[in-house]
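As a plain string of letters, each chain reads:
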Amino acid sequence: MVMEQYHQRRWKSPVLTHANPVMTESSLIVRFSETTLKGRNRSAFERRMAENIAVHLAPHGKFRIVREMARVTIDRGANGGGDLRLAAAIVKGLPGVANLSLARAAPSALDALTEAAMSYLDEMLSRSGLAGDRPVRFRVAASRKNKRYPLNSMELAAHLGAAALKRHPRLEVNLTQAELVLRVEIAGGAAWLFEEKTPGPGGLAVGTGGKAVCLTSGGIDSPLAAYLLMTRGVSVVHLNFHSYPFIGQKSKEKVHDLVRLLARHQPASRLIVAPFAATQVAIRDHCPEGMRTILYRRFMNRVANRVAGNEGAGALITGESVGQVASQTLQNIRVIEATAELPVLRPLIGISKTEIVERARRIGTYEISIQPFPDCCTLFQPSRPDTRAKAEAVERAEQRLPVEELVAECLAGLEVTDYGPEYFPGSWDA
Ligand code: ATP
Ligand code: MG
């Protein structure tokens, strides 16, 4: 029945440009997320996504990237180039990627496709470790992006499934608990065979959502906050405050490690380290002890406003979460926020520490964050921090400080480091 339909529609096989259509060439298919975006937004997103992929792969070998609707196909190009497994590891971390598959190109004409699919299946079986004669639960997942293809997805799956059962009697179809899945996708004039769809971060391509300055400490929360905004398309500049000589170099290196790790998710990562010791000493010496953390954070915002201006950023990001520490009561958040001139984005505001830890583990920052090097926020920490700061009292305390001078001193000592996609940690494979 299926074959009859195929012949009735007399679908013509596209001309294959490969010298050898029996595909030895492997490819990486990258599917974009958020395809519900409409119109101009959508095409801008897809263009940016493809550009980001190109930028991230560039330092890691020669690849040919072909852009189609809502996806790209990557291969080694005409004269053999980069390692596609490395490309897959890199692309897997890019915001905007829904999922990806290492795939084999096949001719799309049904007979040739069936033949290619069967030899692919042979290979899948032999590398699956499902040795012996025992039955193997199996299914075919077919997807037809090209609606002119003569078989619909169900028909194609049924056709290939039947061929597979005939070839390997030990296979038995099981749609819900298959141990082995042969996937086939018809897109444009080509067909692709693959075994897995590996999920990416989803969300939007970095660069489609503007730029923001993240107040990045060496803690667990702010690196995750930065990552989450990246997955909304925001390009993130990291600003860290460091209190040398009260806080050692190790703390600074830790922040560099975090930023370098997060650099795998966006085309350009800048870390700006601001010297904060003079400000903290002034606050310690002239203001009520209980207010210290609140005052530190108000000064951080003042510096961040200026850095955002220089960087062309439209918002600040923090890792704040209500109630987590004394400075994060609603009242204190309000008093701290008063010195921010831009919207403060707090993606973790209502998320429990348990979930934050779990998510930080997944992106790999957790293991770095828990290294026991102090953050400047804990310097001269009061024994009884204010949990209900009053704006007027805090402003009065600040009148004893040369606010503009302290901010200017901090801005004069900024250390800027840029990390790009060349910092991809080759061994990272989570
Ligand atoms: P984190 O785990 O992000 O350090 P936290 O729970 O330790 O957060 P706080 O130390 O009160 O909370 O800091 C609140 C927010 O202030 C942080 O999430 C971060 O955005 C910012 N922040 C704190 N310390 C620094 C720092 N040294 N440099 C830059 N930003 C900082
Ligand atoms: Mg902290």
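What you see is a predicted model; the values in this text were computed from it and never measured.

Novice: Describe the site of ligand 1, and please don't skip the residues or the numbers.
Specialist: Taken together, the neighbourhood of ligand 1 is formed by 22 residues, with Leu215, Ser217, Asp221, Ser222 and Gln324 sitting nearest. At 2.6 Å from an oxygen atom of ligand 1 is found a side-chain nitrogen or oxygen belonging to Asp221. In the model, an oxygen atom of ligand 1 is placed 3.0 Å from a nitrogen or oxygen of the Gln328 side chain. Its free accessible area being 560 Å², ligand 1 has 91% of it covered by the protein chains.

Novice: Give a description of the packing of aromatic side chains that names residues and reports values.
Specialist: In this description, an aromatic ring pair is defined by two values, namely the gap between the centres and the angle between the planes. Evaluation of the coordinates by the stated rule reveals five aromatic pairs. Between Phe246 and Phe380 the ring centres are 5.3 Å apart and the planes differ by 70°, which places this aromatic pair in the edge-to-face class. In this pair, Phe246 sits in the loop between β11 (235–242) and α7 (249–262) while Phe380 sits in the loop between α12 (366–369) and α13 (391–398), placing the two residues 134 residues apart along the sequence. Seen in terms of ring centroids, Phe276 and Tyr296 are 6.3 Å apart; in terms of plane orientation they differ by 75°. Their pairing is edge-to-face. One end of the pair, Phe276, is in the loop between β12 (269–275) and α8 (277–286); the other, Tyr296, is in helix α9 (residues 292–311), and 20 residues separate them in sequence. When sorted by exposure, Phe276 lands in the same class as Tyr296, which is buried. An aromatic cluster is present here, built from Phe241, Phe276 and Tyr296 joined pairwise through their rings. Above the plane of the ring of Tyr120 lies Arg127, whose end atom (NZ or CZ) is 5.7 Å from the centre. It is Arg302 that lies over the ring of Phe299; its NZ or CZ is 4.9 Å from the centre.

Novice: Describe the domain arrangement of the protein chain, listing the residues and the values that go with them.
Specialist: Here the protein chain is described as being made up of domain 1 (2–106), domain 2 (110–187) and domain 3 (211–419). Computed from C-alpha coordinates alone, the two centres of domain 2 and domain 3 are separated by 53 Å.

Novice: Before we move on, could you go through helix α4 (residues 110–127) and cite the residues and values that matter?
Specialist: The periodicity of an α-helix, 3.6 residues per turn, causes residues three or four places apart in sequence to face the same way. With 18 residues, α4 extends 25 Å between its outermost C-alpha atoms, agreeing within 8% with the 26 Å of an ideal straight helix rising 1.5 Å per residue. Regarding α4, the residues found buried are Leu110, Leu113, Thr114, Ala116, Ala117, Met118, Tyr120, Leu121, Met124 and Leu125. Residue Gly129 follows α4 closely and has a positive phi angle near 80°.

Novice: Report on the nonpolar core, specifying residues and quantitative values.
Specialist: Counting 40 residues, the largest nonpolar core has Val213, Leu239, Phe241, Phe276, Phe299 and Leu401 as its most contacted members. Looking at this core, the elements that each hand over two or more residues are β10 (211–215), β11, β12, α8, α9, α10 (330–337), α13 and α14 (403–412). Per element, the largest residue contribution to this core is nine residues, and it comes from α9. Those residues in contact with Phe299 that sit more than four places away from it in its chain are Phe276, Thr279, Ile283, Glu398, Leu401, Val403, Leu406 and Val407. Leu113, Leu130, Phe138 and Leu182 belong to the second-largest nonpolar core, a separate cluster that totals 35 residues.

Novice: Can you lay out α14 for me, pointing to particular residues and giving the numbers?
Specialist: Among the residues of α14, those classed as buried are Val403, Leu406, Val407, Cys410 and Leu411. What you see down the axis of α14 is that its buried residues fit within an arc of 135°, all on one side. Away from its buried face by more than 90 degrees, α14 exposes Glu404, Glu405 and Ala412. Buried residues along α14 sit against β11, β12, α8, α9 and α13.

Novice: Account for a nonpolar patch on the surface, with residues named and values stated.
Specialist: There is a patch of nonpolar side chains on the surface, built from Leu165, Val173 and Leu175 and spanning about 280 Å² of accessible area. Mapped onto the fold, Val173 is located in strand β6 (residues 171–173).

Novice: Run through the environment of Ile90, naming residues and quoting values.
Specialist: Note that Ile90 resides in helix α3 (residues 84–91). For Ile90, a relative accessible area of 2% translates into the label buried. Remark: the alpha-carbon pair of Ile90 and Cys214, spanning 124 residues in sequence, is separated by 23 Å. With residues up to four places along the chain from it excluded, the contact list for Ile90 reads His56, Leu57, His60 and Phe424.

Novice: Quick one: what's the story with the pattern of salt bridges, residue by residue and with numbers?
Specialist: Working definition: two side chains of opposite charge can pair if their charged atoms are close together. Counted under the stated rule, the structure contains 25 salt bridges. For Glu311, the salt bridge is made with Arg270, and the minimal N-O distance between the two is 3.1 Å. Here Arg270 lies in strand β12 and Glu311 lies in helix α9, a separation of 41 residues in the sequence. Given a relative accessible area of 28%, Arg270 falls into the partly exposed group. Between Arg359 and Glu355 there is a salt bridge, and its shortest N-O distance comes to 3.8 Å. Highlighted residues: Arg359 and Glu355, both in helix α11 (residues 353–363), separated by four residues, approximately one helical turn. A residue is classified by how much of its surface remains accessible, and Arg359, at 28% relative accessible area, is partly exposed. When its relative accessible area of 36% is taken as the criterion, Glu355 is described as partly exposed. Here the residues in one salt-bridge network are Lys211, Arg270, Glu311 and Asp418, joined through shared partners.

What counts and how
- Residues numbered from 1 in each chain as written.
- Chains lettered and ligands numbered in written order.
- Predicted model: local features only at pLDDT ≥ 70, side-chain atom pairs only at ≥ 80, totals over all residues.
- Heavy atoms only, no water.
- Near = heavy atom within 4 Å.
- Polar contact = N/O pair within 3.5 Å; in protein donor to acceptor, adjacent residues only side chain to side chain.
- Areas by Shrake-Rupley, 256 points an atom, 1.4 Å probe, with all protein chains shown as cover.
- Phe/Tyr/Trp six-rings, centres within 6.5 Å; stacked < 30°, edge-to-face > 60°.
- Helix = DSSP H or I, 4+ residues; strand = E, 2+ residues; numbered from the N terminus.
- Buried < 20%, exposed > 50% of the residue type's maximum accessible area, 1.4 Å probe, protein only.
- Lys NZ or Arg CZ within 6 Å of the ring centre and 35° of its normal.
- Domains from an automatic or database assignment.
- Expected span 1.5 Å × (residues − 1).
- Core = buried A, V, L, I, M, F, W, Y, C linked by side-chain atoms within 4.5 Å.
- Contact = heavy atoms within 4.5 Å.
- Arc of directions from axis to C-beta.
- Patch = residues over 30% accessible without salt bridge, like charges linked within 9 Å, V, L, I, M, F, W, Y side chains within 5 Å.
- Salt bridge = Lys/Arg side-chain N within 4 Å of Asp/Glu carboxyl O.

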